[in-house]
Amino acid sequence: MHTDGEYNLSADFEFRGTAKEFFGIWIVNLLLSILTLGIYSAWAKVRTKKYFYQNTYVAGRNFDFHATGKQILIARLIILVLVIASALLSIIPFLNIVLSLTLLMLIPYLLVKSLRFNAHMTSWSNVRFAFNGTTGSAALNYYLYPIIAILTLFTTWPFVARSVQRFHVNGHKFGQTPLYFDSPIKPFYTAMLAAFAWVLVTVITLIVILQIFVAALTIIAAQMDSVAADTQLQFFVGSTFQIITILTIGIVPFGIIPAVAIYQAMLRNTVYNYTILGENHRFYSDVSALSLLWIDMSNFVVVVLSLGLMLPWAHVRRASYLASHTTFVPGGPLDEFVGEITANVSAIGDAYGDIEGFDIGFAV
Amino acid sequence: MVHNAQNIDASVTGRAYPPLSSREMAARLSVDTNTAWLIDDDERVIVQCDPLKLQLGTRVGRAERHVVLPDGTLFLTNHHDALEHLVGDRRGSLLHRYERLHPRLMIVLLACLVGTWGVWKYGLPILMSLAVWMTPPTLIASIDKTIMQTIDAIAAEPSRLPDKKKEEVQISFDLIISALGSQAGGHDYKLEFRNMPGMGPNAMALPNGTIVITDDLINIASPDAVAGVIGHEVGHVAQQHGLRQIYRSAGGFVLISLLAGDTGPILEDVLLEGSLILSLSYSRQHELAADQFGVRLAERAGFDPKGLSEFFDLMVSHHGDQHGNWFSTHPGFKERIEHLDALTHNR
């Protein structure tokens, strides 16, 4: 079926799902989840993941997701009981401190469990992924290194970010073939500075616009009512207060959210471009920060205006964009990957992630 | 196991991978009553097995259907109908048929809206009642005990009220509790006096029935007003508002994150904020319900039912109306007075 040398051609990632088709899956999932008071959502999650994985192709071969709804439901029930119990117990003073500390120590363990589960349940071309990262190294990357970075006033943050990506990529294997990521530190500093610069420019722009606005208003107010300098003063104090309010409201949508998108896009490109699978299979990503930002923002607006009905469209749109800007550059035949017999993996960590959410900061 | 397969007919074409290998090959799957064969391009049988041992994956959209053979060989095909016909299994594609874009989906959509409303209105309260019922009483008792310890350690001093005054209030309290009758519901009602300078005229109820009243409240309010406030706090206990609110906010949070699933980067935060705001509306409903309960209870115990609204009037004249809006836990005093007036006028 394959001619020699075919593998030298690069193979684009390709998402073949459509919004129309996914809408049906999504709405039926939603109905069944509602009717079962959330119980079906475990199966709904599997179905959604299968849809996205099975429709993502690289070199004509697709991914697949192998978890079962039952396995996810059981894990979720366990987590739910624990979460409810700890919510109740945390009313009791002092015990809540003990509980929070226990959870703090459990999180790296659950995170590693979750990564293991998802890796083992994912396959491409009939070969499953695996994850071998350790709880200790998760704790270092998510607790110790960030604390050190904070002590240096975030100037060493890019080193933490790079270490986190190493933890994720280097912990993964594709069957028996290891994935390896390492890069110079420069792209990480560039990403952080770009995000920081965006926030800075936004703040300055907002202040300038508001100052002009206030100045104009003060002049108008002065012409209309020259009687009381006192009212003017009050007006001025009031508007300073308003500037601060508008600034704090405006900084999130115009400053923080775009900055995060810029940072993530640059990080993703770096991670893909410096990752090697096995000896010499490579990846290439050229996601544009502005396009990703545009997609996220417009998705949000469309989903809100459609009261959630366009959510499937938004998901498909984002997946298609990411796939179309990702390339696999094979360095050998694709037929020679060998899988490993999958050990039993627990869905506990994944269920915790579903209910409470991990903020893993990994460039997906 | 390699033998000639040229005379096997009914089959579906697709591609196959040997167990634990990414080696892709063109193949077809053939099935007759007793045997299934996986056959490669050179007409060699790769695997042969009992058709009942084929594991069919579920059908999701147009993506290829997966068939796993007993030895772990994977077969994939786009010919969905042919495969189902061949294997005689249509269960795996049941959901798929409902998911197809069809006017029927409008009904599904409507059912989702009605279902969401139903879950919100009836489902969550039932789940909460269940959770409250399952909560061990000893736990609730220890919640009261430890919260009192914390209050004493952080925010309260012993009461400075004269003993005579305390006795009077205690008598009102006992009258109110005995008027509860069967509504008492196994709680351990207890009155605690504390001097809490930071809290002003205030009272609070803990889940197991401990009710704390500040000295300021007793100093400014008439006996009828104090009775109204006690009735209100007893209402919180009898209707188990404290536990319900804990379960409600946890349940709403979990349900939203499970139903909405992965909503994408920005929407997720917005949704969870929304759930918080909705649980605040729930807390305001509880205040009004406790007002209503308290007034009726105080009346049955022989006090003036206008006592509570008199207390709110007093609070408005001292502190002004605190406007209740969609991010406060309590409704404004004026709203509560109107609500109480409507109650007393209706009878």
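Cut-offs used in this document
- Residues numbered from 1 in each chain as written.
- Chains lettered and ligands numbered in written order.
- Predicted model: local features only at pLDDT ≥ 70, side-chain atom pairs only at ≥ 80, totals over all residues.
- Heavy atoms only, no water.
- Helix = DSSP H or I, 4+ residues; strand = E, 2+ residues; numbered from the N terminus.
- Buried < 20%, exposed > 50% of the residue type's maximum accessible area, 1.4 Å probe, protein only.
- Contact = heavy atoms within 4.5 Å.
- Areas by Shrake-Rupley, 256 points an atom, 1.4 Å probe, with all protein chains shown as cover.
- pLDDT = per-residue confidence, 0-100.
- Pairing = 2+ DSSP bridges.
- Axes fitted to C-alpha atoms, helices over the stretch in contact; angles between N-to-C directions.
- Core = buried A, V, L, I, M, F, W, Y, C linked by side-chain atoms within 4.5 Å.
- Polar contact = N/O pair within 3.5 Å; in protein donor to acceptor, adjacent residues only side chain to side chain.
- Domains from an automatic or database assignment.
- Buried area = accessible area lost by both parts, 1.4 Å probe.
- Salt bridge = Lys/Arg side-chain N within 4 Å of Asp/Glu carboxyl O.
- Nonpolar A, V, L, I, M, F, W, Y, C, P; charged D, E, K, R; others polar.
- Expected span 1.5 Å × (residues − 1).
- Bend = angle between axes of the 7 residues up to and from the residue.
- Phe/Tyr/Trp six-rings, centres within 6.5 Å; stacked < 30°, edge-to-face > 60°.
- Lys NZ or Arg CZ within 6 Å of the ring centre and 35° of its normal.

Would you mind going over the overall build of chain A with me for this structure?
Helix and strand content of chain A: 11 helices and 10 strands. Taken across its 364 residues, chain A has 45% of its residues classed as buried. Look at the contacts in chain A between residues 6 or more apart in sequence, and 74% of them connect residues 24 or more apart. Carbon and sulfur atoms make up 72% of the accessible area of chain A, which amounts to about 18,300 Å² in all.

It is not clear to me how the confidence of the model for chain B should be interpreted in this structure. Could you clarify?
Detail in the predicted coordinates should be disregarded across regions flagged by low pLDDT. Residues and elements named next belong to chain B. Taken residue by residue, chain B gives an average pLDDT of 85. The fraction at 70 or more is 94%. Confidence, read as mean pLDDT per element, is least for helix α8 (residues 241–260) in chain B (79) and greatest for strand β7 (residues 74–77) (94). Contacts for the low-pLDDT stretch residues 1–5, under 50 throughout, to residues beyond four places or in other chains number 15 contacts. The ipTM assigned to the predicted complex is 0.82, against a pTM of 0.82.

Would you mind going over the sheet that holds strand β6 (residues 172–174) of chain A with me for this structure?
Sheet strands associate in pairs through backbone hydrogen bonding, adopting either a parallel or an antiparallel arrangement. Residues and elements named next belong to chain A. If you walk around this closed barrel you meet the 10 strands as β1-β2-β3-β4-β5-β6-β7-β8-β9-β10, and the pairing is antiparallel. Across this sheet, the average inter-strand angle for adjacent strands is 30°, counted without regard to direction. For strand β8 (residues 275–277) and strand β9 (residues 281–285), the ladder comprises 2 bridges, and the chain directions are antiparallel. The residue bridging L277 from the neighbouring strand is H281, located in β9. Each of β5 (127–131), β6, β7 (177–181) and β8 is contacted by helix α6 (residues 157–171), which is oriented at about 170° to β7, the strand it contacts most. Where helix α10 (residues 311–324) meets the sheet, it contacts β1 (11–15) and β10 (326–329), and its direction lies at approximately 175° from that of β1.

When you look at the nonpolar core in this model, what are you seeing that I'm missing?
Among soluble globular proteins, nonpolar side chains are generally buried collectively. Residues and elements named next belong to chain A. Grouped together as the largest cluster of nonpolar side chains are 58 residues, with contacts concentrated most on I27 and W124. The element contributing the most residues to this core is helix α1 (residues 19–35), with 9 residues. Setting aside anything within four residues of it in sequence, one finds W124 in contact with V58, R61, N62, F63, F129, F174, L334 and F337.

I'm lost on the side chain of S22 of chain B in this one. Help?
Inspection of the secondary structure assignment puts S22 of chain B in the loop between β1 (11–17) and β2 (25–31). Relative accessible area serves as the criterion here: at 0%, S22 of chain B is assigned to the buried category. Within the structure, the side chain of S22 of chain B is placed 2.6 Å from the backbone oxygen of L334 of chain A, a separation counted as a polar contact. Of note is the side chain of S22 of chain B, whose polar atom sits 3.0 Å from the backbone nitrogen of F337 of chain A. With residues up to four places along the chain from it excluded, the contact list for S22 of chain B reads R61, S125, V127, L334, D335, E336 and F337 of chain A together with Y17 of chain B.

Any chance you could explain the domain arrangement of chain B here in plain terms?
It is common to give the size of an interface as the accessible area lost on bringing the parts into contact. Split into domains, chain B comes out as domain 1 (11–99) and domain 2 (136–345). Spacing between the C-alpha centres of domain 1 of chain B and domain 2 of chain B amounts to 64 Å.

So what exactly am I meant to see when it comes to the interface of chain A and chain B here?
Facing 62 residues of chain A, the contacting portion of chain B comprises 59 residues. Buried area between chain A and chain B, both sides added, is near 5,000 Å², and the carbon and sulfur share of it is 70%. Counting every contact that joins chain A to chain B gives 3 salt bridges. Put simply, chain A and chain B have 15 residue pairs in polar contact (both at pLDDT 80 or more) between them. Elements with a minimum of two residues in the side of chain A that touches chain B: α1, α2 (41–54), β3 (61–65), α3 (69–89), α9 (289–305), α10 and α11 (348–355) of chain A. Top contributing element to the side of chain A that touches chain B by residue count: α1 of chain A, with 12 residues. Each residue belonging to the side of chain A that touches chain B can be placed in one class, and the counts come to 33 nonpolar, 14 polar and 15 charged.

Teacher, can you tell me more about the sheet that holds β2 of chain B here?
Residues and elements named next belong to chain B. Strands sit in the order β4-β3-β2-β1-β7-β6-β5 across an open sheet of 7 strands; the sheet is antiparallel. Pairing within the sheet leaves two strands with one partner each, and these edge strands are β4 (45–49) and β5 (55–56). Where β1 and β2 come together, 6 bridges link them in antiparallel fashion. The partner of G14 across the bridge, within β2, is A27.

Mind showing me how you'd approach the domain arrangement of chain A here?
Residues and elements named next belong to chain A. The assigned domain composition of chain A is domain 1 (72–179 + 276–286 + 325–364) and domain 2 (183–273). Taken over both partners, the interface formed by domain 1 and domain 2 buries close to 1,500 Å², and the fraction arising from carbon and sulfur atoms is 60%. Applying the counting criterion to the domain 1 and domain 2 interface returns 0 salt bridges. On the surface where domain 1 and domain 2 come into contact, there are 6 residue pairs in polar contact (both at pLDDT 80 or more).

Help me understand helix α4 (residues 95–120) of chain A, please; the structure alone is not making it clear to me.
Since there are 3.6 residues in each turn of an α-helix, residues three or four apart along the chain are aligned in direction. Residues and elements named next belong to chain A. Under the 1.5 Å per step criterion, the end-to-end length of α4 is 36 Å for 26 residues, consistent within 8% with the ideal 38 Å. Taken as a whole, α4 carries its principal kink of about 35° at L106; the proline P108 stands between one and four residues after it. Every buried residue of α4 is accounted for by P108, L110, L111, V112, S114, L115, F117, N118, A119 and H120.

Mind showing me how you'd approach the packing of aromatic side chains here?
The relative placement of two aromatic rings is captured by the distance of their centres and the angle of their planes. Residue and element names in this part refer to chain A. All chains considered together, the criterion is met by 24 aromatic pairs over all chains. Considering the side-chain rings of F15 and F52, the 5.3 Å spacing of their centres and the 15° angle between planes classify their relative orientation as stacked. With F15 in strand β1 and F52 in helix α2, the pair connects residues that are 37 residues apart, well separated along the chain. What makes F15 buried here is its relative accessible area of 12%. By relative accessible area, F52 is classed as buried at 15%. Cluster of aromatic residues (ring-pair linked, three or more members): F13, F63, W124, F129, F174, Y272, F283, F328 and F337. Its end group placed over the ring of Y57, R16 keeps NZ or CZ at 3.6 Å from the ring centre.

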